[in-house]
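What follows is the residue order along each chain.
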Amino acid sequence: MLTEVKLVLEGNNSRPAYHQCYEILRDKILTGELSSGTKIVEEKLAAELGVSRTPIRDSIRKLENEGLIVKKKVVKPTEKDLRNIFSVRILLEGYSARCAAIFLKENEIEKLYQYVEVGRKGTKEEIMSANEDFHNDIVRASNNPLMIDIIDRMQAIIYLLRKTVVIYNRPHLIDEHEEIYEAIKMRDGEKAEELMKKHLENDLNFYLHVMSND
């Protein structure tokens, strides 16, 4: 496992070491490999991943901002945590979808449809990436830096849910993206907001269902 992790880092020179370390640590936490209560030791992680302490420190800081590490210990999100987080996400992304219907340019709206097409035809990794881009482009349409920052600080939890709904093939996932796209294209902000809220509720409920059956 240790050799595999180092090979992953060595094979991804196009991205900063801190970002790669962050993704590895995030996945270890979200999959339970680093269990709740585990103490995070910078020196040990740096040795395991074959990097200096600087990218490890930056990764830990980001994970602290996202709520997965508190006082140098791993925190595993509870169902209540997830519901609270997604209550915020539903409000903000719903509003962003309304803004997208008003403010996005035609070429930006067509990019949303390109993400939908990838969602129907792409690999699992491509679908996850397109899913992320679809939601992030809509959030940015809010033109509200504070809202964008709040969503950004939830990215670890959002990734956890995104990975689950894609890997376990949530029914109608891409159909719902296309419906949101159509509402935005028609400049129907009220409908876009309603569809986005329902879409995120469906995502969360599906994730909780999958986890309860594990």
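See above for the structure.
Cut-offs used in this document
Residues numbered from 1 in each chain as written. Predicted model: local features only at pLDDT ≥ 70, side-chain atom pairs only at ≥ 80, totals over all residues. Heavy atoms only, no water. Helix = DSSP H or I, 4+ residues; strand = E, 2+ residues; numbered from the N terminus. Buried < 20%, exposed > 50% of the residue type's maximum accessible area, 1.4 Å probe, protein only. Lys, Arg positive; Asp, Glu negative; His and termini not counted. Charge placed at Lys NZ, Arg CZ, Asp CG, Glu CD. Polar contact = N/O pair within 3.5 Å; in protein donor to acceptor, adjacent residues only side chain to side chain. Contact = heavy atoms within 4.5 Å. Expected span 1.5 Å × (residues − 1). Axes fitted to C-alpha atoms, helices over the stretch in contact; angles between N-to-C directions. Parallel < 35°, antiparallel > 145°, perpendicular 65-115°, else oblique. Left-handed = near helix turned anticlockwise from the far one by under 90°. Nonpolar A, V, L, I, M, F, W, Y, C, P; charged D, E, K, R; others polar. Salt bridge = Lys/Arg side-chain N within 4 Å of Asp/Glu carboxyl O. Phe/Tyr/Trp six-rings, centres within 6.5 Å; stacked < 30°, edge-to-face > 60°. Lys NZ or Arg CZ within 6 Å of the ring centre and 35° of its normal.

Draft legend 1. Spatial organisation of the overall build of the protein. Along the backbone of the protein there are 11 helices and 2 strands. Taken from N to C terminus, the helices and strands of the protein fall in the order α-α-α-α-β-β-α-α-α-α-α-α-α. Along the three orthogonal principal directions, the C-alpha set of the protein runs to about 55 × 35 × 35 Å. Counting every position in the protein, which comprises 214 residues, the buried fraction comes to 43%. Distance from the positive charge centre (33 side chains) to the negative charge centre (37 side chains) of the protein: 5 Å.

Draft legend 2. Quick peek at the side chain of His135. Structurally, the position occupied by His135 is in helix 7 (residues 124-140). Polar contacts involving the side chain of His135 include one to the side chain of His199, which spans 3.3 Å. Beyond its immediate sequence surroundings of up to four residues, His135 is in contact with Arg89, Glu93, His177, Met196, His199 and Leu200.

Draft legend 3. Expanded view of helix 10 (residues 173-185). Here helix 10 contains 13 residues, and its C-alpha end-to-end distance of 19 Å stays within 8% of the 18 Å for a straight helix at 1.5 Å per residue. Those residues of helix 10 hidden inside the fold are in contact with helix 5 (79-103), helix 6 (106-121), helix 7, helix 9 (155-167) and helix 11 (189-212). Looking one or two residues beyond helix 10, the residue adopting positive phi is Arg187, at roughly 60°.

Draft legend 4. Seen up close, unusual backbone geometry. A positive phi is found at Lys71, a non-glycine position, where the angle reads about 55°. Mapped onto the fold, Lys71 is located in the loop between strand 1 (69-70) and strand 2 (73-74). Residue Lys71 is classed as exposed on the basis of its relative accessible area of 75%.

Draft legend 5. Just the packing of helix 7 against helix 10, in detail. Their axes nearest at 12 Å, the elements helix 7 and helix 10 cross at an angle of 30°. The angle between helix 7 and helix 10 falls in the class roughly parallel. Our pair here, helix 7 against helix 10, has a crossing hand that is left-handed. Across the interface between the two elements, Asn131, Phe134, His135 and Ile138 of helix 7 pack against Leu173, His177, Ile180, Tyr181 and Ile184 of helix 10. A per-class count over the contact of helix 7 with helix 10 returns 6 nonpolar, 3 polar and no charged.

Draft legend 6. Structural detail: the environment of Glu178. Along the polypeptide, Glu178 turns up in helix 10. Discounting residues that sit within four places of it in the chain, Glu178 has contacts with Tyr113, Val116 and Arg120. Only 2.6 Å separates the side chain of Glu178 from the side chain of Arg120, close enough to count as a polar contact.

Draft legend 7. Quick peek at the pattern of salt bridges. Inspection of every chain in the model, using the stated rule, returns 19 salt bridges. Among the ionic pairs, Glu42 bridges to Arg57, the shortest N-O distance being 3.5 Å. Residue Glu42 is found in helix 3 (residues 42-49), and its partner Arg57 is found in helix 4 (residues 53-65); the two are separated by 15 residues along the sequence. Judged by its relative accessible area of 32%, Arg57 falls in the partly exposed class. Each of the salt bridges in this network shares a partner with another, and the network as a whole consists of Glu42, Glu43, Arg53, Arg57 and Lys72.

Draft legend 8. Region of interest: the environment of Ile127. Topologically, Ile127 is positioned in helix 7. Look at Ile127 and you get buried, because its relative accessible area is 14%. Placed 52 residues apart in sequence, Ile127 and Val75 show a C-alpha to C-alpha distance of 28 Å. If sequence neighbours within four positions are ignored, Ile127 has contacts with Val118, Gly119, Gly122 and Val166.

Draft legend 9. Representation of the packing of aromatic side chains in the model. Tallying each qualifying case throughout the model produces 1 aromatic pair. Between Tyr113 and Tyr181 the ring centres are 5.1 Å apart and the planes differ by 40°, which places this aromatic pair in the tilted class. One end of the pair, Tyr113, is in helix 6; the other, Tyr181, is in helix 10, with 68 residues separating them in the sequence. Given the relative accessible area of 27%, Tyr113 is considered partly exposed. When the ring centre of Tyr159 is taken as reference, the NZ or CZ atom of Arg26 above it lies at 3.5 Å.

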